[in-house]
Each structure stands twice: as structure tokens, then as C-alpha cells.
Amino acid sequence: MATASITIGANTGEGIREYVAAALDVLDEMGIHYEFSAMATNVEGDVELICKALVAIHKRCHELGAPRVESLLKIDDRIDVEQTLTSKVQHVNDFRKHA
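Residues numbered from 1 in each chain as written. Predicted model: local features only at pLDDT ≥ 70, side-chain atom pairs only at ≥ 80, totals over all residues. Heavy atoms only, no water.

S.K.: What am I meant to see in the pattern of salt bridges here?
M.R.: Should their charged atoms come close, side chains of opposite charge can pair. For the coordinates displayed, the defined rule picks out five salt bridges. Across the salt bridge formed by Glu 48 and Lys 52, the nearest N and O atoms sit 3.3 Å from each other. One end of the pair, Glu 48, and the other, Lys 52, are both in helix α2 (residues 47–63), four residues apart, so they sit about a helical turn from each other. Classification of Glu 48 as partly exposed rests on a relative accessible area of 49%. We classify Lys 52 as partly exposed; its relative accessible area is 48%. Its salt-bridge partner being Arg 68, residue Glu 70 comes within 3.8 Å of it at the nearest N-O pair. By relative accessible area, Glu 70 is classed as partly exposed at 43%. (Salt bridge = Lys/Arg side-chain N within 4 Å of Asp/Glu carboxyl O. Helix = DSSP H or I, 4+ residues; strand = E, 2+ residues; numbered from the N terminus. Buried < 20%, exposed > 50% of the residue type's maximum accessible area, 1.4 Å probe, protein only.)

S.K.: Explanation requested: the environment of Tyr 19 in the structure shown.
M.R.: By the secondary structure assignment, Tyr 19 is in helix α1 (residues 17–30). Given the relative accessible area of 5%, Tyr 19 is considered buried. Not counting residues up to four positions away in its chain, the partners in contact with Tyr 19 are Ala 10, Thr 12, Cys 61, Leu 64, Gly 65 and Ala 66. (Contact = heavy atoms within 4.5 Å.)

S.K.: Would you take a moment to explain the nonpolar core for this structure?
M.R.: In globular proteins that are soluble, nonpolar side chains generally tend to be buried together. Within the largest apolar cluster, 19 residues are counted, with the highest numbers of intra-cluster contacts made by Ile 8, Leu 27, Val 43, Ile 57, Cys 61 and Ala 66. Every element with two or more residues in this core is listed here: β1 (2–10), α1 and α2. Look past the residues within four positions of Cys 61 in its chain and what remains in contact with it is Ile 8, Tyr 19, Ala 66 and Val 69. (Core = buried A, V, L, I, M, F, W, Y, C linked by side-chain atoms within 4.5 Å.)

S.K.: Where do I start with the sheet that holds strand β4 (residues 69–76) in this structure?
M.R.: In a beta sheet, neighbouring strands pair by backbone hydrogen bonds and run either parallel or antiparallel. As summarised here, the arrangement of the four strands in space is β2-β3-β1-β4, forming an open sheet in which the pairing is antiparallel. The sheet terminates laterally at β2 (34–36) and β4, the two strands that pair on one side only. Adjacent strand axes in the sheet meet at a mean angle of 20° when their direction is disregarded. Here β1 runs beside strand β3 (residues 41–45); their pairing, made up of five bridges, is antiparallel. Residue pairing across strands places Thr 3 opposite Glu 44, the latter belonging to β3. (Pairing = 2+ DSSP bridges. Axes fitted to C-alpha atoms, helices over the stretch in contact; angles between N-to-C directions.)

In C-alpha cells, the structure reads:
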């Protein structure tokens, strides 16, 4: 399973909260586990599903009236180790305890 970070921007001249909310709705509809934060949304899943979600997010934002949608997608796709968002954070916390 891959983990990824998605950042969305919609150039409307106003705030982006409705577009971020729409992006989260898309993730919910697609059954993708995510963790939302102030600067990005982290997701878990198959790379193909994550990419399809990003396409769907762009489409939804355009449907809501955004003439321009920007996104940043960073994917960590490991096949040698099973990882989740939680396990990645836990590995750092465990390291800090022993450092």
C-alpha cells in the first residue's frame, strides 16, 4: 500500500475551503483512508486509486466553478515493507525515544 500527500489549490480569488471540503468528499466517496491537516491531506491506498482520486478531485473542483485547479501529489510507494500513515509516524516516534 502506498501513502501520499495531496495539496489542492483552486484559483478563484476567494478562500479554498469549499474545494478542500469537496476533495475530502471525493476521498470519502471512494473509500480512501485519509488524515486531514491544515497544509495537506495524507492518504493511503493503491497508487492507481490515489491517482484516480486526484483526477476526481480536479473534476469536482471544476464542477464547483473553479476555473483553475492546482494540485501537488507526493507518493511513497514501497513494496518491500507494508506501511501505513500510522506506522510511518510510529517509526519516527520510536526512533526519537531511542536517540
